[in-house]
Amino acid sequence: METESGWWLITHPDHARLAGAFAAAWGNAQFSRPEPRERVLYGIATHDDGWTERDSHPSITREGKPSAFSTELVGKYSAFEEIDLADYLAVRERAVRIVAEKDRYAGLLIAMHTYSLLTEHADRSTVDTEGLALLDTFLESQREYQRTLLVDIAEDASLTSLQSSYPTILEHFRLLQACDNLSLLACVAFASRTNLLHPLPLHDGGAAEVQVLPVGLRHFRLSPWPFSEAELTFSFPARHVRGRLFDSSAALAAAFSAAPIERLEVSLSE
């Protein structure tokens with residue numbers, strides 16, 4: 001998030017931990033809690049762990065701004081010309097695999113999230129011909145890996161037939177998307193009314209869209225209310241880097257490394 005004197009920078013894994021905290025509080029008399037709970041929460045909280053190494057060396061855009069730390073993350077991603085696509089896809093692949101190696105169910109949710117991000121939420125018009133071929137090859141490999149994970153999950157004796165069914169998995173994927181979306185809104189202090197991605201499952205078998213209304217800095221009112229408590233406050237780590245533009249990625253990385261870790265808060269209410 002840009003400030004008057006610089007930028008608040010939040011790493012991908014810390015953003016994902018915040019999404020996981022939202023998911024852990026999710027569910028009430030109206031909205032369903034995810035089951036198998038621990039496996040779904042693990043997937044949501046770790047869905048960006050593949051970014052740990054890359055985030056330790058943040059890069060700049062062509063304009064000299066920190067890359068991937070602004071409100072552009074909330075909508076359709078269109079900055080492919082600013083990144084090394086092969087490196088980006090390698091990070092996305094790693095984010096899926098490192099979790100799936102520990103938990104196939106959690107890994108599948110992340111694989112579905114990755115595929116959705118790079119199909120439904122990616123502006124392909126900003127990718128050149130060579131990049132599109134690379135992207136499409138990656139997407140096909142992700143589809144194949146999802147099929148493999150689905151077979152493994154179907155054979156997992158620790159899961160009930162309902163938990164391993166595709167409709168239930170799809171519900172959990174949508175919860176990951178919604179909590180990821182809410183975390184991004186918090187991290188960039190989004191200031192416009194919006195809806196969380198996807199209608200979310202209700203106990204009566206239906207689904208409802210959740211509206212998010214900013215009422216203050218990182219204070220959002222959600223309707224209908226999806227959490228177990230009437231009001232919630234979460235904190236997450238961030239670093240404030242002074243300076244609006246940077247001469248090089250190395251200059252930004254040095255400033256990021258030198259900045260102290262602070263805590264920001266987000267409040268949610270009915």
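What counts and how
- Residues numbered from 1 in each chain as written.
- Predicted model: local features only at pLDDT ≥ 70, side-chain atom pairs only at ≥ 80, totals over all residues.
- Heavy atoms only, no water.
- Salt bridge = Lys/Arg side-chain N within 4 Å of Asp/Glu carboxyl O.
- Helix = DSSP H or I, 4+ residues; strand = E, 2+ residues; numbered from the N terminus.
- Buried < 20%, exposed > 50% of the residue type's maximum accessible area, 1.4 Å probe, protein only.
- Contact = heavy atoms within 4.5 Å.
- Polar contact = N/O pair within 3.5 Å; in protein donor to acceptor, adjacent residues only side chain to side chain.
- Pairing = 2+ DSSP bridges.
- Phe/Tyr/Trp six-rings, centres within 6.5 Å; stacked < 30°, edge-to-face > 60°.
- Lys NZ or Arg CZ within 6 Å of the ring centre and 35° of its normal.
- Axes fitted to C-alpha atoms, helices over the stretch in contact; angles between N-to-C directions.
- Parallel < 35°, antiparallel > 145°, perpendicular 65-115°, else oblique.

Peer 1: Could you give an account of the pattern of salt bridges, naming the residues involved and the relevant values?
Peer 2: Opposite charge on two side chains allows them to pair when their charged atoms are near. By the definition in use, this model includes 13 salt bridges. Linking R143 and E140 is a salt bridge whose minimum nitrogen-to-oxygen distance equals 2.5 Å. Here the residue R143 and the residue E140 both occupy positions in helix α6 (residues 129-154), the gap between them amounting to 3 residues, near one helical turn. Exposure remark for R143: the relative accessible area of 29% places this residue in the partly exposed category. The network of salt bridges with common partners includes E140, R143, E144 and R147.

Peer 1: Which residues make up helix α2 (residues 37-45), and what values go with them?
Peer 2: In terms of burial, α2 is largely enclosed, as 7 of its 9 residues are buried. Within the span of α2, buried status applies to R37, R39, V40, L41, G43, I44 and A45. Considering only its buried residues, α2 is in contact with α1 (12-25), α5 (104-117) and α7 (166-187).

Peer 1: Please set out the side chain of H172 residue by residue, giving values where relevant.
Peer 2: On the secondary structure map, H172 appears in helix α7. Overall, H172 belongs to the buried group, its relative accessible area being 5%. Here the side chain of H172 touches E35 through a polar contact of 3.3 Å, landing on its backbone oxygen. Beyond its immediate sequence surroundings of up to four residues, H172 is in contact with P34, E35, P36, V40, Y105 and L109.

Peer 1: Which residues make up the pairing of strand β5 (residues 211-216), and what values do they have?
Peer 2: Sheet topology places strand β2 (residues 194-195) next to β5; 2 bridges connect them, and they run antiparallel. The residue of β5 that forms the bridge with N195 is Q211. Two elements, β5 and strand β6 (residues 219-223), share 5 bridges in a ladder whose sense is antiparallel. Its bridge partner being in β6, V212 is matched across the sheet by L222. Here β5 hands over to β6 after 2 residues, with R218 in that stretch at a positive phi of 55 degrees.

Peer 1: Explain the packing of aromatic side chains to me, using residue names and the numbers behind them.
Peer 2: Counting across every chain of the model gives 5 aromatic pairs. A ring pair is formed by W26 and F227, whose centres lie 5.4 Å apart and whose planes are at 80 degrees; its orientation type is edge-to-face. Here W26, found in the loop between α1 and α2, pairs with F227, found in the loop between β6 and β7 (231-242); they are 201 residues apart in sequence, far enough to count as distant. Each member of the pair, W26 as well as F227, carries the same accessibility label: buried. Note on W225 and F227: the rings are 5.2 Å apart at their centroids and 70 degrees apart in plane angle, and the pair reads as edge-to-face. Judged by its relative accessible area of 1%, F227 is buried. In this structure, R97 is placed above the aromatic ring of Y145, and the distance from its NZ or CZ to the ring centre is 3.6 Å. The ring of F256 has R239 lying over it, and the distance from NZ or CZ to the ring centre is 4.5 Å.

Peer 1: Summarise the packing of helix α4 (residues 85-100) against α6; cite the residues concerned and give the values.
Peer 2: Axis separation between α4 and α6 bottoms out at 10 Å; the angle between their running directions is 5 degrees. Between α4 and α6, the crossing angle belongs to the class labelled roughly parallel. Contacts between α4 and α6 involve L85, A86, L89, R92, E93, V96, R97 and A100 on the former and, on the latter, G131, L134, L135, F138, Q142, Y145 and L149.

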